[in-house]
Amino acid sequence: MMAFRRLAALALLVGLVFVGGRPAARALSVLELLDRYAAGKFDEVTGELEGNINFDDLLKQLKREAPAWLDAGGPADRARRELAAATFALEAARADEWLEWKWVKKNPKMCAPPSGSGGPPECYQPPNTLYWKPPPLLIEWACELFRKDETPRPVERWWQLAALAVAQRSEDVAFLVGDPEIGKGWDFGEVGNLQDEIKHLDHVQKRFPEESRFMLAQGIARDPMWQDDATKAYMSLMDHVDIGGEAAMRMGAMLMRGGAQAQIQATAMFDRAEAKTRDPYVIYLARLFRARMFEGDQKLDEAQTAYRGAVAAWPTGQAATVALAASLYREGKRASAYELADAMLDAPDPLFDPWREYVHADDRFWPYLLAKLRAGIVQ
């Protein structure tokens, strides 16, 4: 989904080039935006962040001018202003993250002139260089505001959970836990300037060592590349009262990518997930993944039953609904198939599907977390 959106954005930019070039990015006055944001004019300010905005300039202004703005309200208003500035930075990062996030530059090879013997030149491949774009740097700028306090304030927990949601939406694990290509070599994308890595989850967990969502995020970040580490993270959370079900579901989803024995273990994980939670998001995904395993094994009746269960858990989930409707249509039950599809399309938010948002993890909590932060600003 993110790749599609990026392609759409690229197509738009290419179109602009052919009709006269990309317009200059619009600069904003950060101090003016902070004043309005702190006054509770949230939607008005976030509307200003849409379009072709110069986020590099916005970040520079924050670093340069925000310290004086934070002090301008006096000691009594300092904490509220910090929350407002940090949340504004988070909203700015979210507005820009699907347009830019980071750049890994593959540097050209350095070759010595050929030797007199006529042999091939000796070449050296320099390490790749990592450059962060404004969105992750906006998150870290705001995070540092809170880290100046040795003991976290209660509102920081909500902010850090919201920051995790924005970071996971970027689909970049390097920001959270470090270079996923470490040890693979320069040709495979490994970066050489490890001193510039952020590893956001590391310092967040130091401040909130008991927060279950941050523990789970460690496993989610490692799931695609470091499955042994992800397994350890998921298994350590299996009995957690709040997130044990989701840990089991994600463990099952990781296992189902393996062979027959791994898929047997995945089935057990999906069973465990359903037994540990009432969260419809988790139950839907566990049943959807189970159905896909059945379908892959040509167990079509069992797959249809599992798809029905997924639709019962999340009636507007597109992945399960479309699969179930297709199954019914093949059986000649066209009226039932059309009825399912119509109900899905008539839903208030037909585009949200837990499967589509699976990779974005805690981004599903963003509306709730943002509302908590905004309420803290205008209290």
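Residues numbered from 1 in each chain as written. Predicted model: local features only at pLDDT ≥ 70, side-chain atom pairs only at ≥ 80, totals over all residues. Heavy atoms only, no water.

What follows is about the state of the cysteines. Inspection of every chain in the model, using the stated rule, returns 1 disulfide. Here Cys-111 engages in a disulfide with Cys-123; their sulfurs sit 1.9 Å apart. Negative torsions about the S-S bond denote left-handed disulfides, and the value of about 110° found for Cys-111 with Cys-123 makes this one right-handed. Here Cys-123 lies in strand E3 (residues 123-124) and Cys-111 lies in strand E2 (residues 110-111), a separation of 12 residues in the sequence. Cys-123 gets classed as partly exposed once you look at its relative accessible area, which sits at 43%. (Disulfide = S-S within 2.5 Å. Helix = DSSP H or I, 4+ residues; strand = E, 2+ residues; numbered from the N terminus. Buried < 20%, exposed > 50% of the residue type's maximum accessible area, 1.4 Å probe, protein only.)

For the rest of this paragraph, the subject is helix H9 (residues 200-207). Of all 8 residues making up H9, 6 are buried, and the element is well covered by its neighbours. Within H9, the full set of buried residues consists of His-200, Leu-201, His-203, Val-204, Gln-205 and Arg-207. Packed against the buried residues of H9 are helix H6 (134-147), helix H7 (154-169), helix H8 (173-177) and helix H10 (212-222). (Contact = heavy atoms within 4.5 Å.)

For the rest of this paragraph, the subject is the packing of aromatic side chains. The geometry of an aromatic ring pair is captured by the separation of the ring centres together with the interplanar angle, meaning the angle of the planes. Throughout the structure, instances matching the rule amount to 11 aromatic pairs. Pairing Phe-146 with Trp-159 gives two aromatic rings, centres 5.3 Å apart and planes at 45°, and the pair type is tilted. Of this pair, Phe-146 sits in helix H6 while Trp-159 sits in helix H7, and the two are 13 residues apart along the sequence. For the pair formed by Phe-146 and Trp-159, the shared burial category is buried. Joined through ring pairs, the aromatic side chains of Tyr-37, Phe-42 and Phe-88 make up one cluster. Looking at Arg-81, its charged tip hangs above the ring of Trp-69, at a distance of 4.5 Å from the centre. In this arrangement the basic side chain of Arg-157 is found over the ring face of Trp-158, its NZ or CZ atom lying 4.9 Å from the centre. (Phe/Tyr/Trp six-rings, centres within 6.5 Å; stacked < 30°, edge-to-face > 60°. Lys NZ or Arg CZ within 6 Å of the ring centre and 35° of its normal.)

So, on to the environment of Asp-229. Mapped onto the secondary structure, Asp-229 falls in helix H11 (residues 227-236). A C-alpha to C-alpha distance of 20 Å links Asp-229 and Arg-272, two positions 43 residues apart in sequence.

Membership of the largest hydrophobic core comes to 61 residues, with the highest contact counts inside it found for Leu-58, Leu-62, Phe-88, Leu-138, Ile-139 and Trp-159. The dominant element in this core, judged by the number of residues it contributes, is helix H5 (residues 75-96), at 9 residues. Not counting the four nearest positions on each side in its chain, Leu-58 is found in contact with Leu-28, Val-30, Leu-49, Phe-88, Ala-92 and Leu-138. Listed in part, the 46 residues of the second largest apolar core include Ala-266, Ala-306, Ala-313 and Leu-328. (Core = buried A, V, L, I, M, F, W, Y, C linked by side-chain atoms within 4.5 Å.)

With that settled, the discussion passes to the packing of helix H15 (residues 300-313) against helix H16 (residues 318-330). The contact between H15 and H16 brings their axes to 9 Å, and the two run at 140°. With respect to each other, H15 and H16 are oriented oblique. Note on packing geometry: the crossing formed by H15 with H16 is left-handed. Contacts from Gln-304, Tyr-307, Arg-308, Ala-310 and Val-311 of H15 reach H16 at Ala-320, Thr-321, Ala-323, Leu-324, Ser-327 and Leu-328. Partitioned by chemical class, the residues of the contact of H15 with H16 number 7 nonpolar, 3 polar and 1 charged. (Axes fitted to C-alpha atoms, helices over the stretch in contact; angles between N-to-C directions. Parallel < 35°, antiparallel > 145°, perpendicular 65-115°, else oblique. Left-handed = near helix turned anticlockwise from the far one by under 90°. Nonpolar A, V, L, I, M, F, W, Y, C, P; charged D, E, K, R; others polar.)

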